[in-house]
Amino acid sequence: IAAGSNFTGTSAEPSYNIPQIDLPSLCRVIFHVETSPNDGSATGEVWLPPPSEWNRRFLAVGNGGFAGAVNYPDVVWGARKGFATMSTNTGHVSGQLNGTWLLNPEQEIDWGHRALHITSVAAKQIVNEYYPSHFTYSYYAGCSTGGRQGLNAVQKYPGDYDGVLAGSAIPHQTVTSGWQTYVALLQFPNNRSSFIPATMWPTIHQAVLDQCDDIDGVKDGIIMDPSKCSFHPETLLCGKKTANASACLSSDQLVNLKRMYMPWQDDKSNLINPGISPSGETGFTILMNGNEPTFGPIFYSYAIFNNSDWDWSTMNVSDALLAERIDPGGCDAYNPDMRPFQERGGKLIHYHGYSDPLIPTLNAAAFYNLVTSFYEDVGRAADVEDFYRLFTVPGMGHCSGGVGAWVIDGASQGGVIPKEKGSSHSMLWSLVEWVESSAVKSARGKAPESILGTKYVNDTASLGIEFERPVCRWPTVAKYTGGDAKESRNWIC
């Protein structure tokens, strides 16, 4: 790939084919590997900067949804930074919303965890053959399904990467896919009395802001800590004096809405999956306004019940528990014992948008708490912060976008990066700094406490920075201290 040229992919996932403009000089290598003796195989690509531009690091990037395709935007994101960067189709060819291939057990395992591992092994061999010296460190970055892939790599292949950046992950794939169906059962079919149309979500979001925007001391359209928002949607209930019936909710719609925020529990009040946090309502259309729930029915139809005609309207707790027991393809990344990764010096940064409308933010907190409890039980509670840190991003949607300072130099952010280079503004470079400073003998390492997220004017970097704000280590969030709220110095973790 010549410097200054453009590249447009032709993969099965349209979002991966967005033109990549004005590329640096790169060597693009396409390779195929056998993943099992039973006709399992995967395609990968590794893009290599010239030796003079290479930073002597390897980076693998992940995928989204059910996509079976090389993630070109994230490959380019890594390659522009000087990483030898790899992506895989995870052992099948499909778009993000096509799960028919899950009927194939080998492709199911490859998507679950195996293809990323085997293609990473192969790509590292290619990297070491291409350059006059071997890479010094190996990293991974992915968001959504890519976040789950990263957590699975930590748990199943602790030697693959020195550092893992897992964004907006779905660690409990089986159960959260069930929740994506369950939470929409009063929404579909869309001719029922409880259906909430897409036009209503901005009104609902404004009602949330009216009640909770100023709980952090600043009325700016961003709810810094949605867990402190006690939203009462009854204020939207239609009444005799309502002037505009299209801007209020019927009693049936109100029940539906309240259900979306509530945790999914069994009949003994055991938590199955958290509900959506208040603040991401404008993105609820992803799950709530198609012809049927998004993602969940696809996963259960093909991976759990092997039946494309499965009636998703029957979704219940027992289905979720069955899926958890089956764990098709070993997709769940919910094992809290990460000692092998930790003991070889690995570092994990896990982040999640606090306005994520697709994977509830508190899934991240639930997994972090699971890990903490495990380490407490084995008498090593103090170890967790030495290798695993979680960050929540106020006002960020799923992987990117939103009203908050969502540009954090993570995967699947469309290549949008902070203007300030280095670890102070970047999740990826924070990870690199943490890993490599910890590798110095007798050094504790520079573990990140926060980074500065960036919000561009109209989300367009060329228009300049609207504001910056700290993204803090869980369970803290940035607190306003007074003065101009757009100045990052007036916020502390």
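Structure: see above.
Residues numbered from 1 in each chain as written. Predicted model: local features only at pLDDT ≥ 70, side-chain atom pairs only at ≥ 80, totals over all residues. Heavy atoms only, no water.

Peer 1: Any chance you could explain the state of the cysteines here in plain terms?
Peer 2: Covalent bonding between the sulfur atoms of two cysteines is what defines a disulfide. Applying the stated criterion to the full structure yields four disulfides. Across the disulfide from Cys143 sits Cys399; the S-S distance is 2.1 Å. Because the sign of the S-S torsion sets the handedness, a value of about -110° for the bond joining Cys143 and Cys399 places this disulfide among the left-handed ones. Highlighted residues: Cys143 in strand E5 (residues 137-143) and Cys399 in the loop between strand E10 (388-393) and helix H13 (427-438), separated in sequence by 256 residues. Among the residues examined, Cys399 registers a relative accessible area of 5% and is labelled buried. Covalently, Cys212 is tied to Cys229 through a disulfide, its sulfur atoms 2.0 Å apart. Residues Cys212 and Cys229 are joined through a disulfide that is right-handed, its torsion about the S-S bond being 75°. Residue Cys212 is found in helix H5 (residues 201-212), and its partner Cys229 is found in the loop between H5 and helix H6 (251-261); the two are separated by 17 residues along the sequence. By relative accessible area, Cys229 is classed as buried at 8%. Counting only the cysteines that take part in disulfides, in the order they occur along the chain, gives the pairing 1-6, 2-3, 4-5, 7-8. No disulfide involves Cys331; its sulfur sits 18 Å from the nearest other cysteine sulfur, which is in Cys399. By relative accessible area, which is 0% here, Cys331 ends up buried. (Disulfide = S-S within 2.5 Å. Helix = DSSP H or I, 4+ residues; strand = E, 2+ residues; numbered from the N terminus. Buried < 20%, exposed > 50% of the residue type's maximum accessible area, 1.4 Å probe, protein only.)

Peer 1: I'm lost on H13 in this one. Help?
Peer 2: Since one α-helical turn is 3.6 residues long, residues separated by three or four positions face the same way. Compared with an ideal rise of 1.5 Å per residue, which puts 12 residues at 16 Å, H13 spans 16 Å between its outermost C-alpha atoms and is within 8% of the ideal. Listed as buried for H13 are Met427, Leu428, Ser430, Leu431, Val432, Trp434, Val435, Glu436 and Ser438. Two or three places before Leu428, at the start of H13, stands the capping residue Ser426, its side-chain oxygen 3.2 Å from that residue's backbone nitrogen. (Expected span 1.5 Å × (residues − 1). Polar contact = N/O pair within 3.5 Å; in protein donor to acceptor, adjacent residues only side chain to side chain.)

Peer 1: Sorry, what's going on with the packing of helix H2 (residues 105-130) against helix H3 (residues 145-156) here?
Peer 2: Angle between the axes and distance between the axes: these two values describe a pair of packed helices. Axis separation between H2 and H3 bottoms out at 9 Å; the angle between their running directions is 65°. Taken together, H2 and H3 sit at an angle that is classed as roughly perpendicular. Judged by the sense of rotation from one axis to the other, the crossing of H2 with H3 is right-handed. Contacts from Trp111, Gly112, His113 and Leu116 in H2 reach Thr145, Arg148, Gln149, Asn152 and Lys156 in H3. Its residues placed into classes, the contact of H2 with H3 shows two nonpolar, five polar and two charged. (Axes fitted to C-alpha atoms, helices over the stretch in contact; angles between N-to-C directions. Parallel < 35°, antiparallel > 145°, perpendicular 65-115°, else oblique. Left-handed = near helix turned anticlockwise from the far one by under 90°. Contact = heavy atoms within 4.5 Å. Nonpolar A, V, L, I, M, F, W, Y, C, P; charged D, E, K, R; others polar.)

Peer 1: I'm lost on the environment of Glu106 in this one. Help?
Peer 2: Its location among the elements puts Glu106 in helix H2. We classify Glu106 as buried; its relative accessible area is 15%. Those residues in contact with Glu106 that lie beyond four places of it in its chain are Ser36, Asn38, Gly40 and Arg114. A distance of 2.7 Å separates a polar atom in the side chain of Glu106 from a polar atom in the side chain of Arg114.

Peer 1: Can you help me understand the packing of aromatic side chains in this one?
Peer 2: Geometrically, a pair of aromatic rings is defined through the distance of the ring centres and the angle of the planes. Per the stated rule, a full pass over the model turns up 31 aromatic pairs. Relative to Trp429, the ring of Phe83 has its centre 5.4 Å away and its plane inclined at 35°; by these criteria the two rings are tilted. Of this pair, Phe83 sits in the loop between helix H1 (72-80) and strand E4 (84-88) while Trp429 is found in helix H13, placing the two residues 346 residues apart along the sequence. Between Trp201 and Phe284, the aromatic rings sit 5.1 Å apart at their centres with planes inclined by 70°, giving edge-to-face as the arrangement. Separated by 83 residues along the polypeptide, Trp201 in helix H5 and Phe284 in the loop between strand E8 (271-273) and helix H7 (285-288) bring together distant segments of the chain. A residue is classified by how much of its surface remains accessible, and Phe284, at 1% relative accessible area, is buried. Feature note: the residues Phe66, Trp101, Trp111, Phe295, Phe299, Tyr300, Phe305 and Trp310 constitute an aromatic cluster, connected by ring pairs. The ring of Trp111 has Arg148 lying over it, and the distance from NZ or CZ to the ring centre is 4.4 Å. Of note, Arg389 hangs over the ring of Trp434, and the distance from its end group to the ring centre comes to 5.7 Å. (Phe/Tyr/Trp six-rings, centres within 6.5 Å; stacked < 30°, edge-to-face > 60°. Lys NZ or Arg CZ within 6 Å of the ring centre and 35° of its normal.)

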